[in-house]
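Survey of secondary and tertiary structure
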Amino acid sequence: MTSKFLELAKKVIYEEKKPLAASEIWQIAVTKGYDTDLGSVGKTPFDSLSAFLYVDVSDPESIFSTIGARPKRFYLKSLPPLSDDELKKSLTPLDSEKKYTFLEKALHPFLVYYGFYYLRAYIKTISHSKSGKKGWGEWVHPDMVGCYYPFSNWENEVVEVSSALGDSAVRLYSFEMKRELSLGNLREAFFQAVSNSSWANEGFLVSAHIDTDDELRGELARLSSSFGIGVIQLNLEDPDSSKILFQAKPRENIDWDTVNKLAAMNSDFKEFLRRVKNDITSHEIRKELYDKLLEKEALIETIKKPK
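These lines cover the structure that appears in this document, whether it is placed above or below. In this text, all values refer to a predicted model and were calculated from it rather than measured experimentally. (Residues numbered from 1 in each chain as written. Predicted model: local features only at pLDDT ≥ 70, side-chain atom pairs only at ≥ 80, totals over all residues. Heavy atoms only, no water.)

Take the pattern of salt bridges next. Applying the stated rule across the entire model yields 11 salt bridges. Of the charged contacts in the structure, one is a salt bridge between Glu288 and Arg286, with a shortest N-O distance of 2.4 Å. By relative accessible area, Arg286 is classed as partly exposed at 36%. One salt-bridge network, in which partners are shared between bridges, spans Glu15, Glu16 and Lys32. (Salt bridge = Lys/Arg side-chain N within 4 Å of Asp/Glu carboxyl O. Buried < 20%, exposed > 50% of the residue type's maximum accessible area, 1.4 Å probe, protein only.)

On to helix α8 (residues 214-227), then. With 14 residues, α8 should cover 20 Å at 1.5 Å per step; its first-to-last C-alpha distance of 20 Å lies within 8% of that length. Here α8 has its buried residues at Leu216, Glu219, Leu220, Leu223 and Ser224. One side of α8 holds all its buried residues, which, seen down the axis, span an arc of 135°. Facing away from the buried side of α8 by more than 90 degrees, the exposed set consists of Glu215 and Ser225. (Helix = DSSP H or I, 4+ residues; strand = E, 2+ residues; numbered from the N terminus. Expected span 1.5 Å × (residues − 1). Arc of directions from axis to C-beta.)

Right, let's get into the packing of aromatic side chains. Each aromatic ring pair is summarised here by two numbers: the centre-to-centre distance and the angle between the ring planes. Tallied over the entire structure, the rule returns 16 aromatic pairs. Arranged with centres 6.3 Å apart and planes meeting at 40°, the rings of Tyr173 and Phe204 form a pair that is tilted. You can see Tyr173 sitting in strand β5 (residues 171-181) and its partner Phe204 sitting in strand β6 (residues 202-210), a full 31 residues away along the chain. On the numbers, 6.2 Å between centres and 45° between planes, the contact of Phe269 with Phe272 is tilted. Highlighted residues: Phe269 and Phe272, both in helix α10 (residues 267-282), separated by 3 residues, approximately one helical turn. Assigned by exposure class, Phe269 and Phe272 land together as buried. Chaining the aromatic ring pairs together yields one cluster made of Tyr113, Phe116, Tyr117, Tyr122, Tyr149 and Tyr290. Positioned above the aromatic ring of Tyr34 is the side chain of Lys11, whose terminal nitrogen or guanidinium carbon lies 3.9 Å from the ring centre. Over the ring of Tyr14 we find Lys17; its NZ or CZ atom is 3.9 Å from the centre of that ring. (Phe/Tyr/Trp six-rings, centres within 6.5 Å; stacked < 30°, edge-to-face > 60°. Lys NZ or Arg CZ within 6 Å of the ring centre and 35° of its normal.)

Below is the structure:
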């Protein structure tokens, strides 16, 4: 399968006679119908093409060379060298690199959807504007928090015994949201997530657009492994294709001192804690009191509307 993707890339670049980003190669291939030659390629063929290209080009024997960065453009070593004008033209920003038309908060409903169906968590937005100490919010509390209630399908007797033993198995999540992750903002975004998630059982950095640059992916993997922060990539075209790129490292104990600090600082966070306490006590989850869960079709439409 690898060779089919690389042959497709070779064919497109040879015909276009110019350096192309992985996304451009795939778009041209689909336009020309070349993607049908691949047969069954799974749900994310572009991701596969990009991964194969970045791995292959690291081999000195690769037929591909690269030009520029963020994103890299792929070229064929067998094609004539580019003139200065051609090189400059090839490095103009892609449409996907231009400023996004949606705000970061537009991603929140997508995480609510993913959290509910794939993490079994109920999620709430924490507004920075409600923090008592202005300017501290973005480095103190996360953008969204969530709770996993295992007893949603437990028998009452099991819930009562687990509570009596002090083991409810409830887990708290922390989410730091970013529209994009690139080499330019990776470290700041990641350590913001580290700072804002130290109190929770699991912390995640969440983004819709994550560069496929091999250097970024390698650094993201290293940071995740070192600090235990997971990474979720949201898919705005198909929410069910959102995925965890790197799993979070679970913490068994909540940092209650930090939780208390956040509750004193932010009314949304305090309300979230009150909600969790009430749901645990009543053994009945009031999902309408968390962020609204949209149906898939309605969710996709939200990102198309101007904000």
